[in-house]
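Report on the structure
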Amino acid sequence: VVRLAVSDTLPAAQAKGITKIVLASTRGATAKAAAAAFQETGLRMVVVPWQYGFGEQFGLGAQPFPQDEATALQAQGHRVYFGTMLFHTDSFYGSQNPNALATILRIFGQGVKVCVEILLMAANGGCVEQGERVIVVAGTGSGADTAIIATAAPSLALSALRVHEILCKPLQ
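Residues numbered from 1 in each chain as written. Predicted model: local features only at pLDDT ≥ 70, side-chain atom pairs only at ≥ 80, totals over all residues. Heavy atoms only, no water.

1. Here we look at the sheet that holds strand β5 (residues 142–151)
Strand pairing in a sheet is mediated by backbone hydrogen bonds. Such pairs are either parallel or antiparallel. This is how the line gets drawn: When DSSP locates at least two bridges between a pair of strands, those strands are taken to pair. Secondary structure elements follow DSSP: runs of H or I no shorter than four residues count as helices, runs of E no shorter than two count as strands, and numbering proceeds from the N terminus. For this analysis, residues touch if any pair of their heavy atoms sits within 4.5 Å. In this analysis an axis means a line fitted to C-alpha atoms, helices contributing only their contacting stretch, and an angle means the value between N-to-C directions, from 0 to 180 degrees.
An order of β3-β2-β1-β4-β5-β6 is seen for the six strands of this open sheet, with the pairing classed as mixed. The outermost strands of the open sheet, each flanked by one partner alone, are β3 (79–80) and β6 (162–168). With five bridges connecting them, β5 and β6 associate as antiparallel partners. What sits directly across from T151, in β6, is R162. Lying on the sheet, helix α6 (residues 110–124) is in contact with β1 (20–24), β2 (44–48), β4 (133–140), β5 and β6; it crosses β4 at an angle near 135 degrees.

2. Focus on a nonpolar patch on the surface
Selection rule: Patches here: salt-bridge-free residues with over 30% relative accessible area, like charges joined within 9 Å, nonpolar side chains (Val, Leu, Ile, Met, Phe, Trp, Tyr) joined within 5 Å. Throughout, the Shrake-Rupley method with a 1.4 Å probe supplies accessible areas, and for residues the shown protein chains are the sole cover considered. We count a salt bridge whenever a side-chain nitrogen from Lys or Arg sits within 4 Å of a carboxyl oxygen from Asp or Glu.
A cluster of nonpolar residues, I104, I107, F108, V163 and I166, forms a patch on the protein surface that exposes about 480 Å² of accessible area. By secondary structure assignment, the location of I107 is in the loop between α5 (97–105) and α6.

3. Details of the environment of E117
Take E117: it is sitting in helix α6. For the pair E117 and A24, spaced 93 residues apart in the sequence, the C-alpha separation amounts to 9.7 Å.

4. Description of α6
Here is the rule we go by: The length a helix should cover is 1.5 Å for every residue beyond the first. Any residue under 20% of the maximum accessible area for its type is buried, any over 50% is exposed, and the rest in between are partly exposed; the area is computed with a 1.4 Å probe on protein chains only.
For α6, built from 15 residues, the straight-helix expectation of 21 Å at 1.5 Å per residue is met to within 8% by its first-to-last C-alpha distance of 21 Å. The buried fraction of α6 amounts to 13 of the 15 residues, a majority that puts the element mostly inside the structure. Directly beyond the C-terminal end of α6, a positive phi value near 75 degrees is found at G126.

5. Observations concerning the environment of G83
Locating G83 in the fold gives a position in the loop between β3 and α4 (90–93). Assessed through its relative accessible area of 5%, G83 is described here as buried. For the pair G83 and P49, spaced 34 residues apart in the sequence, the C-alpha separation amounts to 8.0 Å.

Right, dumping it as structure tokens:
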């Protein structure tokens, strides 16, 4: 599944002059595969794993993304950003708005929802600039089956985020 999103991502990045990929990776396998595929292409990734503590509810410990994998990716020139998962903050803010936005985005598929969420997270963390055009890659459950081209924005400027193109996503 990683190959599908990467095979759609690389030609699009080259054709559109995009140099940054924002990538969801829970346990590191997707990030490792993508780093190998993007090696010597000039593309740099911002890898966005789950926030610390999120995996505990699934029995995966505080952080299923291995620290040694984060270190290896950073040594290759990529960034790994452990930020707050914005669509999972209902109890913190006392509002159902994050959950409502996530539900609306799932109309297009779980991968599209994750793409938008991790792009907001990466912009909030200063890993991408507001207005920067990037490719965002995420998946439905595991792997990477969804890729979009989008203009980044932080959560405080949500209305500036734009999805320009869906490169690939599951049909169901």
